[in-house]
Amino acid sequence: MNLDSTIKETAKKAVNLLLKHEFVRIYTHYDADGISAGAILAKALFRINKNFQISFLKGLNDFEPEDVPLSIFVDMGSGYSEKISSINSDVIILDHHRPDGDIKPRKTFFHLNPHLFGIDGSYEVSASGVAYIFAREFGDNRDLASLAVLGAVGDKQRFTGLNGEILKEGIELGCIEVNRSVNLSSGKLSKALTTSFEPFLDFYKKEDELQQFFKKIGIEGDKEVDELTTKELQKLADALALRLLKIGAYEGVFEQIIGKRILVKNLPIKNSITLVDIVNSCGRIGATSTAFSILLGDEKALKEGIEISEKFKIEILEEVQKKRNEVRDGFCIRYLVMDDAPSTSPVATILSRYLFPDKPLVVLNIKKDGKAKVSARTTEKIAQKLDLAEVMRLSAIKVNGIGGGHRVAAGASIPSGKIEEFLKEVDRLCCVMLA
Ligand SMILES: [Mn+2]
């Protein structure tokens, strides 16, 4: 691998620090990227008989430093300069989120973040990739490239730059294979089409439309996705494009239908999309140890994870079904208010990219603790003019909440009594930016 030498040098120094310690305390994010990165570190540390403890967190807002000699923060940390500066022990950060503020370390500190080395951390390397670069420096851990790639798939990254190099390394070693195929989970075609979130195809509880769809393309719904011939795949891809057009999906999702399908051959499920789905579902319902065990190769956990993922997907599809008629129009936005829903982010993504892509969409979830959790989503096209992170940040400040995120996907936490005032401000700011 032809790594940028500076990030590699820093990784080497961080490894020297790691090797000086008897015990490592690891904190990582609870999504597919964070859990894959955690699995990379766990496997690599097992191989050198290093003791460690790992926790999966949503973020560092409520983090309290523990009395441990070395802490490693994974897929988080770069954006929490104050928290990190308050830690009175050695620290290593393996993150790819944009650094925010100055970290003033009290002890030895190494910061491995692509943004600090001129590499685009949003698209070209994930936390799993950074963890992989780190792990490569203390053993022959190249077989963990598949986990690095899995994390990047989870974060919807591109396979150019550093990700491209890691992918290539895995292919050369034989633990990764890349095919051209449709972006669907493995399993029966009818089920894959009904339960897919990206692309979301709106076939849930529309059995007749699904049967017609199969009749038109002349492929049986019982057929396994992995067994489709090249000709069938082409036919399917064309028909899926028409389907997306019919439901009014954002045009940017069309190119997602057909593409490189990455097979992670030394992991328990080879289709990376299916595996990411399972790991993410487990993470979202709090079953992080199940997700982690799956990636470490535990078969019982895998069975459990598959069940969790199927249940989770149905829950989200039901939620979309129930709530799509409750989406309301503002001037420049659409919004939806939900009451203590289990998870808003997948619902917001489906509604904003597939069913209502022409305006930014704001989903508010009123929680029992008197707060409302906000997920705001829009398409890359609209985000050329509008920055949802700024909209969330400014609108939240106005009602004593906090907000931020990315241009296309942002969020906030606000007092639930201030929902109307908040929405008004969001709408006003969106109108100003879009004008
Ligand atoms: Mn990540």
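What comes next is a walk through the structure. Nothing here was measured: the structure is a model prediction, and the numbers come from that model.

Regarding the nonpolar core
The biggest cluster of nonpolar side chains holds 124 residues, and the ones touching the most others in it are Ile40, Val74, Leu94, Ala131, Val149, Val279 and Val362. The element best represented in this core is helix α2 (residues 32–47), accounting for nine residues. Filtering out sequence-adjacent residues up to four positions away, Val149 remains in contact with Ile166, Leu167, Gly170, Ile176, Ile262, Val264 and Ser272.

Focus on the packing of helix α10 (residues 272–284) against helix α12 (residues 299–323)
Here α10 crosses α12 at 75°, and the two axes come no closer than 8 Å. Considered as vectors, α10 and α12 are oriented roughly perpendicular to each other. Between α10 and α12, the contacting residues are Asp277, Ile278, Ser281, Cys282 and Arg284 on the first element and Gly305, Ile306, Ile308, Ser309, Phe312 and Lys313 on the second. Within the contact of α10 with α12, the residues separate by chemical class into five nonpolar, three polar and three charged.

Section: the sheet that holds strand β8 (residues 328–329)
Read from one edge to the other, the open sheet built from six strands follows the order β8-β9-β10-β11-β13-β12, with strand pairing classed as mixed. Either end of the sheet is taken by a strand with one partner, and the two such strands are β8 and β12 (402–405). Note that strand β11 (residues 371–377) and strand β13 (residues 409–415) share seven bridges and pair antiparallel. Residue pairing for β13: Val374 is matched across the bridge by Ala412. Relative to the sheet, helix α15 (residues 419–434) contacts β9 (334–339), β10 (361–366), β11 and β13, its axis offset from that of β10 by approximately 165°.

Let's talk about α10
Taking 1.5 Å as the rise per residue, α10 with 13 residues should run 18 Å; its terminal C-alpha atoms sit 18 Å apart, in good agreement. Where burial is concerned, most of α10 is hidden: 13 out of the 13 residues are buried. Taken from the residues just after α10, Gly286 is the one with a positive phi, measuring 95°.

What counts and what doesn't
- Residues numbered from 1 in each chain as written.
- Predicted model: local features only at pLDDT ≥ 70, side-chain atom pairs only at ≥ 80, totals over all residues.
- Core = buried A, V, L, I, M, F, W, Y, C linked by C-beta atoms within 7 Å.
- Buried ≥ 20, exposed ≤ 12 C-beta atoms within 10 Å, placed from the backbone.
- Helix = DSSP H or I, 4+ residues; strand = E, 2+ residues; numbered from the N terminus.
- Contact = placed C-beta atoms within 7 Å.
- Axes fitted to C-alpha atoms, helices over the stretch in contact; angles between N-to-C directions.
- Parallel < 35°, antiparallel > 145°, perpendicular 65-115°, else oblique.
- Nonpolar A, V, L, I, M, F, W, Y, C, P; charged D, E, K, R; others polar.
- Pairing = 2+ DSSP bridges.
- Expected span 1.5 Å × (residues − 1).

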